[in-house]
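# Structural overview
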Amino acid sequence: MKFNDMLKKKKKENTDNTENINEVDNEQLQNEGLEQAQETEATATETAAAPTAEEKLKDELAQANDKYLRLYAEFDNFRRRTIKEREEARKTEGKDVIVALLPVLDDFERAQRAMDKATEVAPVKEGVTLIQNKLKNILGQKGLKEMTSIGNAFDADLHEAITNIPAPTDDLKGKVMDEMEKGYTLNDKVIRFAKVVVGA
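Presented here is a report on the structure given in the accompanying data block. Treat the numbers as computed from the prediction; the structure is a model and nothing was measured.

### A short note on the sheet that holds strand 4 (residues 184-186)
Taken together, the three strands give an open sheet; going across it, the order is 1-4-5, and neighbouring strands pair in antiparallel fashion. Both outer strands of the open sheet, strand 1 (144-146) and strand 5 (189-192), are each paired with one neighbouring strand and no more. Averaged over all adjacent pairs, the angle separating strand axes in this sheet is 35°, with direction ignored. With three bridges connecting them, strand 1 and strand 4 associate as antiparallel partners. Counted as the bridge partner of leucine 144 is leucine 186 from strand 4.

### Notes on the sheet that holds strand 3 (residues 176-181)
Spatially, the three strands line up as an open sheet ordered 2-6-3, and their pairing is mixed. For this open sheet the edge positions go to strand 2 (159-165) and strand 3, each flanked by a neighbour on one side alone. Neighbouring strand axes in the sheet, compared pairwise and without regard to direction, differ in orientation by 30° on average. Judged from the four bridges that link them, strand 3 and strand 6 (residues 194-199) form a sheet pairing that is antiparallel. The partner of valine 176 across the bridge, within strand 6, is valine 198.

### Regarding the packing of helix 3 (residues 95-117) against helix 4 (residues 121-141)
Across the interface, helix 3 lies against helix 4 with an axial gap of 10 Å and an inter-helix angle of 175°. Relative to helix 4, helix 3 is oriented roughly antiparallel. Along the contact surface, helix 3 presents Ala100, Leu101, Pro103, Val104, Asp107, Phe108, Ala111 and Met115, while helix 4 presents Val124, Ile131, Lys134, Leu135, Ile138 and Leu139. A per-class count over the contact of helix 3 with helix 4 returns twelve nonpolar, no polar and two charged.

How each quantity is defined
- Per chain, residues are indexed from 1 in the order of the written sequence.
- Thresholds applied to this predicted model are a pLDDT of at least 70 for local features of residues and 80 or more for the giving and counting of side-chain atom pairs; totals over whole chains, interfaces and linings are not thresholded and use all residues.
- Each side-chain value is derived from all of the structure's non-hydrogen atoms; neither hydrogens nor water enter the calculation.
- The pairing criterion is simple: DSSP has to find at least two bridges between the two strands.
- Each helix is a run of H or I in the DSSP string that is no shorter than four residues. Each strand is a run of E no shorter than two, and both are numbered from the N terminus.
- All axes are obtained by fitting lines to C-alpha atoms, using only the stretch in contact for helices, and the reported angles, taken between N-to-C directions, cover 0 to 180 degrees.
- Note on terminology: angles under 35 degrees are roughly parallel, angles over 145 are roughly antiparallel, angles of 65 to 115 are roughly perpendicular, and the others are oblique.
- For this analysis, residues touch if any pair of their heavy atoms sits within 4.5 Å.
- When residue character is reported, Ala, Val, Leu, Ile, Met, Phe, Trp, Tyr, Cys and Pro are called nonpolar, Asp, Glu, Lys and Arg charged, and the others, Gly included, polar.

So this is what it looks like as structure tokens:
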């Protein structure tokens, strides 16, 4: 009886131990499973957070394309604006000179009316001379200067020789004898060559 009791007791202890072991094993397995799941989740999160090299390159390419498109649009706007400004400047580039010459035009009209009624030539001649001086002063203020050519040595950068004539003296050879059309400079740059007769 005692032996049976002992066997039963042993079986019971073994069953209890097995159950305890099974419970511990189950707990350990669950804990390990949780840890593995957490590790897998952390790895997945890290992978999702850290972009791959391909994604980085795609982002850089998208940024470069965006910058390129913005720069191209800015340049295109600048080009259009510049073309428009140039066209407007071309249309009005001589405006200030024309506005300055309008009083001279008015003077010529007055002189013409005065000539219709004039009986003497001297006052008309004096009026025309005044208008000419006014015109020269206005153009001089804008940078126009008359060249003085007669008596100077012929210079191909300033003069255009129409013809040669025999020089009356040796010191006039190669010099300008007569001026058929005046030459002009605008801000020290030749805008019209003087047409001259040169001594030979």
